[in-house]
Amino acid sequence: MTDNAAVTAKSALRARLLAARRAVPPDVHDAEARALAGHLEQLAGGAHTVCAYVPVGSEPGSTAMLDRLTQRGIRVLLPVVRTEDDGTPLALMWGEYRPENLVPGPFGLLEPTPPWLPAEVLAEADLIVVPALAIDRRGARLGRGAGFYDRSLLLRRPQIPLVAVVRDTELLDELPAEPHDVSMTHALTPGLGVVALA
C-alpha cells in the first residue's frame, strides 16, 4: 500500500471506529472499563513506573486503571501534549498522575499540572500504555493521526512492552501502516485481556 493510500484508508477507518465508540451504551463502557482496570493491574506486575494516559470521551477505560496502579505504589506518568508554533507535534512531556491535579489540555485531553518532566523520562518506564482506535495482530496501531506517540516512543528502552488499549472489536487482523508507525507489543482489551502481538 502506498503512503497516500495508507493515509486515506486510515482516515476512513478512524471515522468508522469513532462512530462505533460513540454508540457504545454507558453501562457497557463502564463494565469494559472495570475489566480493563483489572487486566492492567495484573499486567503491571512488579513495574515501578508506568507511562499511561487518561481515557476521555468514548475511549475504552477510565481513571480507575490509573488509580489501581497508584494504590499499589506504582508511579504513573501521564502525557503532556504540546506543539511547535506552526502546529508540528513535539515529543510528549510527562507529569505524575494525581487525580486531584488533572486539568484540561489540548485536543480535549486531561493532563497533569506542572512540574512536567522531559520527553526522555519515557526511558524510565517499565510499561507503556498507549491509546489507540484499533490495533492489528502484527502490532500496527491506529491512533488519532497527529504523531505524538510515534515521535515519543522512540525514546523508550527497546525491551519495554508497548500496550495499546482497545475494545475487543478493535483488535483487527490487519491495519494500514506507514514506515514511521511504531509497532505495539501487546493489545489490552476488556474481554480478551492481554494479547501478545506478532
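In this report, we go over the structure that sits alongside the text. Predicted model only: the values in this text are computed from it and were never measured.

1. Examining the sheet that holds strand 7 (residues 134-136)
Sheets are built from strands that pair by backbone hydrogen bonding, the pairs being arranged parallel or antiparallel. Pairing is mixed across the open sheet formed by three strands, whose spatial order is 8-7-10. Taken across any chain shown, the strands that pair with only one partner, and hence form the sheet edges, are strand 8 (141-142) and strand 10 (171-172). Pairing analysis gives two bridges linking strand 7 to strand 10, with the strands arranged parallel. Counted as the bridge partner of D136 is L172 from strand 10.

2. Concerning the pairing of strand 9 (residues 162-165)
Alternating residues of strand 9 divide into L162 and A164 and V163 and V165, and every residue in both groups is buried. In this structure, strand 6 (residues 127-131) lies alongside strand 9, joined through four bridges in parallel fashion. Residue pairing in the sheet places I128 in a bridge with L162 of strand 9. Looking at chain direction, strand 9 and strand 11 (residues 186-189) are connected through three bridges and run parallel. In the strand pairing of strand 11, A164 is matched with A187.

3. Section: helix 3 (residues 64-71)
Considered for burial, the residues of helix 3 that qualify are M65, L66 and L69. Taken around the axis of helix 3, the buried residues stretch over an arc of 95°, which confines them to a single face. Turning to helix 3, the residues buried within the fold contact helix 2 (26-44), strand 1 (49-51) and strand 2 (75-80).

4. Side note on the sheet that holds strand 3 (residues 93-96)
Read from one edge to the other, the open sheet built from seven strands follows the order 3-2-1-6-9-11-12, with strand pairing classed as mixed. In this open sheet, the two strands that pair with only one neighbour each are strand 3 and strand 12 (193-196). Taking the axes of each pair of neighbouring strands and ignoring which way they run, one obtains an average angle of 30° across the sheet. Of the strand pairs in this sheet, strand 2 and strand 3 are connected by four bridges, and their pairing is antiparallel. Paired with V80 across the two strands is M93, which belongs to strand 3.

5. Looking at helix 2
When the terminal C-alpha atoms of helix 2 are compared, their 27 Å separation across 19 residues agrees well with the 27 Å that a helix rising 1.5 Å per residue should span. Of all the positions in helix 2, only H29, E32, A33, L36, A37, G38, L40 and A44 are classed as buried. Close packing links the buried residues of helix 2 with strand 1, helix 3, strand 6, strand 9 and strand 11. G45, located one to two residues past helix 2, shows a positive phi value of around 40°.

6. A look at the nonpolar core
Core analysis: the biggest nonpolar cluster contains 47 residues, and V50, W94, I128, V129, I135, L153 and M184 have the highest contact counts within it. Counting residues per element, the ones that place at least two in this core are helix 2, strand 1, helix 3, strand 2, strand 6, helix 4 (148-152), strand 9 and strand 11. Here V129 is in contact with L40, V50, C51, A52, Y53, V163 and V165, once residues within four sequence places are set aside. The next biggest cluster of nonpolar side chains, apart from the first, holds eight residues, and it includes L18, L133, A134 and A140.

Procedures and definitions
Residues numbered from 1 in each chain as written. Predicted model: local features only at pLDDT ≥ 70, side-chain atom pairs only at ≥ 80, totals over all residues. Heavy atoms only, no water. Pairing = 2+ DSSP bridges. Helix = DSSP H or I, 4+ residues; strand = E, 2+ residues; numbered from the N terminus. Buried < 20%, exposed > 50% of the residue type's maximum accessible area, 1.4 Å probe, protein only. Arc of directions from axis to C-beta. Contact = heavy atoms within 4.5 Å. Axes fitted to C-alpha atoms, helices over the stretch in contact; angles between N-to-C directions. Expected span 1.5 Å × (residues − 1). Core = buried A, V, L, I, M, F, W, Y, C linked by side-chain atoms within 4.5 Å.

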